[in-house]
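Chain by chain, the residues:
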Amino acid sequence: MGQVKSQFTEEELQDYEDLTYFTKKEILYAHKKFKSLAPEKVGHNKNARLSMNKILQYPELRVNPFGDRICKVFSSNNGEISFEDFLDMMSVFSDAAPKSVKAEHAFRIFDFDGDDMIGKNDLKQVIQRLTGYNNALSDSDIEQLITNILEEADLDDDGALSFAEFEHIIDKSSDFTNSFRIRL
């Protein structure tokens, strides 16, 4: 691995490999991608933190309607992202991450108010982001869609989705794993 890994010891790379769904080669590639977002800041500082705006320049996040939410969920410090945060995020969105891990993070991304439930306001924000804020859906169309979602998924009829209810729906979705990914 020679000079490529100069910022990480073999022990650090092994730790990252143990804690993610990546190989050492993929970890080094992830660092290269992270560094490319702000080479002047990351440089030789493996502890550099990038702003959400910098992270949102990553091509797959730039076009993702949930890019800001993804950054918030994976940020360990007021929206700033360290390489370890970035690696964790990319690992969860990798093809190798299990469906259960993806479901847990998707739930956190869609739980806008952080109350450990996906309620009507959360669902409204999800729908608006998926369809665009200037979409052709009227408020009544959105309300009907929310009602339909809750009728299908809200098994305990409390007006919101718990993680267990969300995971139950995810288990029925054959394409969730394929759609919940970001390529390195």
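Just so it is clear, the structure is predicted and the values come from calculations on it, not from any experiment.

### Notes on helix H6 (residues 67-74)
For H6, a buried count of six out of eight residues is recorded, marking the element as mostly surrounded by other parts of the structure. Taken as a whole, H6 has its buried residues at Gly67, Arg69, Ile70, Cys71, Val73 and Phe74. Residues of H6 that are buried in the fold lie against helix H4 (52-55), helix H5 (59-62), strand E2 (81-82), helix H7 (83-92), helix H8 (99-110) and helix H9 (120-131).

### Re the packing of H8 against helix H11 (residues 163-172)
The N-to-C vectors of H8 and H11 enclose an angle of 125°; their axes lie 10 Å apart at closest approach. In this view, H8 runs oblique relative to H11, as classed from their interaxial angle. Note on packing geometry: the crossing formed by H8 with H11 is right-handed. Here Lys99, Ser100, Ala103, Glu104, Ala106, Phe107 and Phe110 of H8 come into contact with H11, specifically with Phe163, Phe166, Glu167, Ile170 and Asp171. Among the residues making up the contact of H8 with H11, the classes are represented as seven nonpolar, one polar and four charged.

### Points about the packing of helix H1 (residues 10-19) against helix H2 (residues 24-37)
At a minimum axis separation of 9 Å, H1 and H2 run at an interaxial angle of 100°. The orientation of H1 with respect to H2, classified from their angle, is roughly perpendicular. Two secondary-structure elements touch here, H1 through Glu10, Leu13, Gln14, Tyr16 and Glu17 and H2 through Lys24, Ile27 and Leu28. Taken together, the residues of the contact of H1 with H2 sort by class into four nonpolar, one polar and three charged.

### Brief notes about unusual backbone geometry
Although it is not a glycine, Asp116 sits at a positive phi angle of roughly 65°. Relative to the helices and strands, Asp116 is located in the loop between H8 and H9. The exposure class assigned to Asp116 is exposed, which follows from its relative accessible area of 58%.

Each value, and the rule that gives it
Residues numbered from 1 in each chain as written. Predicted model: local features only at pLDDT ≥ 70, side-chain atom pairs only at ≥ 80, totals over all residues. Heavy atoms only, no water. Buried < 20%, exposed > 50% of the residue type's maximum accessible area, 1.4 Å probe, protein only. Helix = DSSP H or I, 4+ residues; strand = E, 2+ residues; numbered from the N terminus. Contact = heavy atoms within 4.5 Å. Axes fitted to C-alpha atoms, helices over the stretch in contact; angles between N-to-C directions. Parallel < 35°, antiparallel > 145°, perpendicular 65-115°, else oblique. Left-handed = near helix turned anticlockwise from the far one by under 90°. Nonpolar A, V, L, I, M, F, W, Y, C, P; charged D, E, K, R; others polar.

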